[in-house]
Structure formats: C-alpha cells, structure tokens
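Overview (structure and organization)
What follows is the residue order along each chain.
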Amino acid sequence: NEHGDLNLGLLNALRDSYRVIIEGGRLKQQAGDDAIVVFDDLLDLVRLATLRAIVVELLGESFLNCSYSNDFLNEFMVLQDSIESATAAAAILPSSISVPLILKPVEKRRKKLQMNIQERIRWAWQQDHGIIGPWLVKFRRQCDEGSLTVEVASEFVVGLLFAAAKNPAIASAQTLLFLILHGSDEHKSKVQDEAKQLLQSTKRNTCITTMPLSAIRQSCSETLRLTSHSIGALRKVKEEIVLGSGTSQEYKLCPSQVVAVSHIVPSLDQRMWGKDADKYKPSRKEWTKEDAKPDEYKFSTFSQGHHRCPGQSIALQIMELTLSILLVHYEVTLQQKKEAVPDVCFERATIAQRKGKVPVGIRIRS
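Residues numbered from 1 in each chain as written. Predicted model: local features only at pLDDT ≥ 70, side-chain atom pairs only at ≥ 80, totals over all residues. Heavy atoms only, no water.

1. Some thoughts on the overall build of the chain
- Of regular secondary structure, the chain possesses 13 helices and nine strands.
- For 366 residues, the compact-globule estimate of 2.2 N^0.38 gives 21 Å, and the C-alpha radius of gyration of the chain, at 22 Å, lies within 12% of that figure.
- By principal-axis analysis of the C-alpha atoms, the chain measures approximately 65 × 55 × 40 Å.
- In the structure as shown, the chain presents an accessible area of about 19300 Å², 52% of it carried by carbon and sulfur atoms.
- If you average the places of the 47 positive and of the 43 negative side-chain charges in the chain, the two averages end up 2 Å apart. (Helix = DSSP H or I, 4+ residues; strand = E, 2+ residues; numbered from the N terminus. Rg over C-alpha atoms; globule rule 2.2 N^0.38 Å. Areas by Shrake-Rupley, 256 points an atom, 1.4 Å probe, with all protein chains shown as cover. Lys, Arg positive; Asp, Glu negative; His and termini not counted. Charge placed at Lys NZ, Arg CZ, Asp CG, Glu CD.)

Laid out in structure tokens, this is it:
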C-alpha cells in the first residue's frame, strides 16, 4: 500500500485466513480444540486461504463482508478452475464446438461473478466505518475522475485476483509437500528455525523478508524450478533462427511465427542442472551461492525480459509466509502414505499441481 508495509499486512491477512478456515473446519467436524482437523486437499486449502488473504489485504474487509452473496471465495475458485479447463479444451477442439459449448458458458459465469464484484465494490465504498484496500482506493479515485467505471473495475478484479492468488498458492502448497516428502532432516530443521524467526520479526514491527540464500528461499526456489509451467508464454519470432533440441534434430523458426515457450524444459535440462535435474535438492549451488545464481533463461519460472512476471516479489512473499505459518502455527500431517501422494501434474495452465487430491490433517500447535 502507500505506506510500503505490504509484508506485515499480508502476513496478518494470511495468518487470520488460516485461523478462520481451520476453525471453521474444526466446528464443522465437531472436533476438540487440540484435535486434528482433516481437509480433503492441501492445495485447495492453501488456495482458499491465500485468496481470502489477498482479498482482505488488497480489496479490504468491507468488500469480503458484503452480504450480496455468502460464498464469493469459492465462487471465484470455481471460475478459476473453469477458465483453466476451458482454455485447455478450446486449444484442441474446433471453434465451432469450443466457442458455444465451452467458452461461452465460462464467459457467462465470469460476467455473473463480475456483477457480484460490482455490488461488493459499491457496498464497500458506502461503509464509512469499513476498511477498503489499496485497489478500491485507487478505483474510487479513478471513478471519481471519470477515467474508470465500476464495470471495468470488476474486470480488473477478476484478472488481478487470478494472477495474485492462484499460482502463489499452488506453489506454496507444493513447497510444503516437497519439504515433507523429500526434504532432509537437516534442511527441515533449518527451515523450521527460520520460519520462527520470520514470524517473530513482526513483534519488532519491521518489514519482514527472508534472505536470498536462506533455507526457506532455497525450498521455494527449488519447488518453483520443479513445478514450472509446461506452457508459460507465447513469443513471436522476429528473425530467422535455428534451435537445437539437445539431439540431432534442429528446428528452423521463421519471422512472424508464434512459439509456445515451456518453462519446465530448461528447469529439467541435465546440461544446465546436472544429472539429478529432476530431483528435489534445495542445497544446489544456484540457491546457496550468490555467484552461482541462475539467470532468467536457466530458471525461467517467472519468464524473461519485459514479459517477466511483475508479481514475482509478492509471489515469493506469499510462499515464504505461508510456509512459515503452516510450520510454526500448525502441525500438518499427510493422511496417506508418502508413496501414495499423487505425482506432480503439468496438465493445467498454472504452476504444476497434483494428479489427485492430497488430504491432510491439521492440528493447532499450543
């Protein structure tokens, strides 16, 4: 926000979101205060908590508490999933089928949700005692100036929430899973200690951040490498070039052609990362030595150049804060054997998810 204190606000919003959601799960399951609360899927839990925190921090509590509908967060998550599924299906089906049967129904759902958002924006602006976030402050100023309408603002909200919440949430959940499934005891201990220090820094009311070479950042970076988008960008060829594939085959690209760029390919390239490129190894020199830091073509999860993701720093903050909250305030246990946890799945147009649900039990630490 205008005071530059997103970190503390985001931490408090994330912390409160997990408290509200986990307490709701405890009451629904009629569990005791110290009992384990079971959630069907870790990724869905983290997605919901992250989305709620982003809404509270950047749109405001008044927006969230509007009584226009009682389930805005879940409605938005359903829209996110619908857009992903429609995008994948439309890419392989003829437009005569995909437009009327797939894309139009999703468009209708989006427009309905935007009506919900418009009512929430108007309601939030009318609450003298309410708390509105920096997005709504900016929107109101622009609407007063005549340079923006509430209708257009609702479209911005859909796009901004989609970008700000889902990928960081999935990456946060994956970071915790990789740590549980593949982290060494020594690395887990370092991450746990750093997580405590990170959360304790709020008592000093200082801007909270982790160091680039910290164990937490190593975990996040290695997870992002292993879950990079299968197709994350489209690039238009400006001049003729021949690309090698790592085999005997070569590919000639001509001007004006459009190329789909896969971010996961360089992330798993053994020529760049070694023979263990497909293994979780947060101790890699790329994450532990400043002079070995990879460039944006070797580690391309956030893309490159002027197409680079503008939300990289916020995404990393969300990942680091989420991991710290779940490790320090809660005890998260898998509800299945490690070998039964579904594999990473690259079928969605997001950071890689899982091939199935990952049920977890969560107990509040005393």
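2. What to know about the pattern of salt bridges
- Here the structure, examined in full by the defined rule, presents 25 salt bridges.
- Between R52 and D16 there is a salt bridge, with the nearest N and O atoms lying 3.3 Å from each other. Taken as a pair, R52 in helix α2 (residues 42-59) and D16 in helix α1 (residues 6-28) lie far apart in primary sequence, 36 residues in all.
- Measuring nitrogen to oxygen at the nearest pair gives 2.8 Å for the salt bridge that ties E222 to R284. Taken as a pair, E222 in helix α9 (residues 215-226) and R284 in the loop between α11 (270-273) and α12 (285-288) lie far apart in primary sequence, 62 residues in all. In terms of burial, E222 and R284 fall into one category: buried. (Salt bridge = Lys/Arg side-chain N within 4 Å of Asp/Glu carboxyl O. Buried < 20%, exposed > 50% of the residue type's maximum accessible area, 1.4 Å probe, protein only.)

3. Some remarks on the sheet that holds strand β9 (residues 360-364)
- Strands sit in the order β1-β9-β6 across an open sheet of three strands; the sheet is antiparallel. The open sheet terminates on both sides in strands that have one partner only, identified here as β1 (37-39) and β6 (330-334). Here the average twist between neighbouring strands, direction ignored, is 25°.
- Relative to β9, β6 runs antiparallel, the two sharing five bridges. Looking at β9, one finds that T333 is bridged to G361. (Pairing = 2+ DSSP bridges. Axes fitted to C-alpha atoms, helices over the stretch in contact; angles between N-to-C directions.)

4. Digging into the nonpolar core
- Ranked by internal contacts, the top residues of the largest apolar core, which has 93 residues, are Y18, V55, F63, F72, I121, L136 and L161.
- Excluding residues within four positions of it along the chain, F63 makes contact with V55, F72, I117, R120, I121, A124 and L136. (Core = buried A, V, L, I, M, F, W, Y, C linked by side-chain atoms within 4.5 Å. Contact = heavy atoms within 4.5 Å.)

5. Details of unusual backbone geometry
- Unlike most non-glycine residues, S256 shows phi in positive territory, near 80°.
- Turning to its location among the elements, S256 is positioned in the loop between β4 (250-253) and β5 (258-261).
- Residue S256 is classed as exposed on the basis of its relative accessible area, which comes to 52%.
- Residue S303 is not a glycine yet carries a positive backbone phi of 70°.
- Mapped onto the elements, S303 comes out in the loop between α12 and α13 (312-328).
- Its relative accessible area of 6% is what places S303 among the buried residues.

Just geometry here; none of it tells us what the structure is for.
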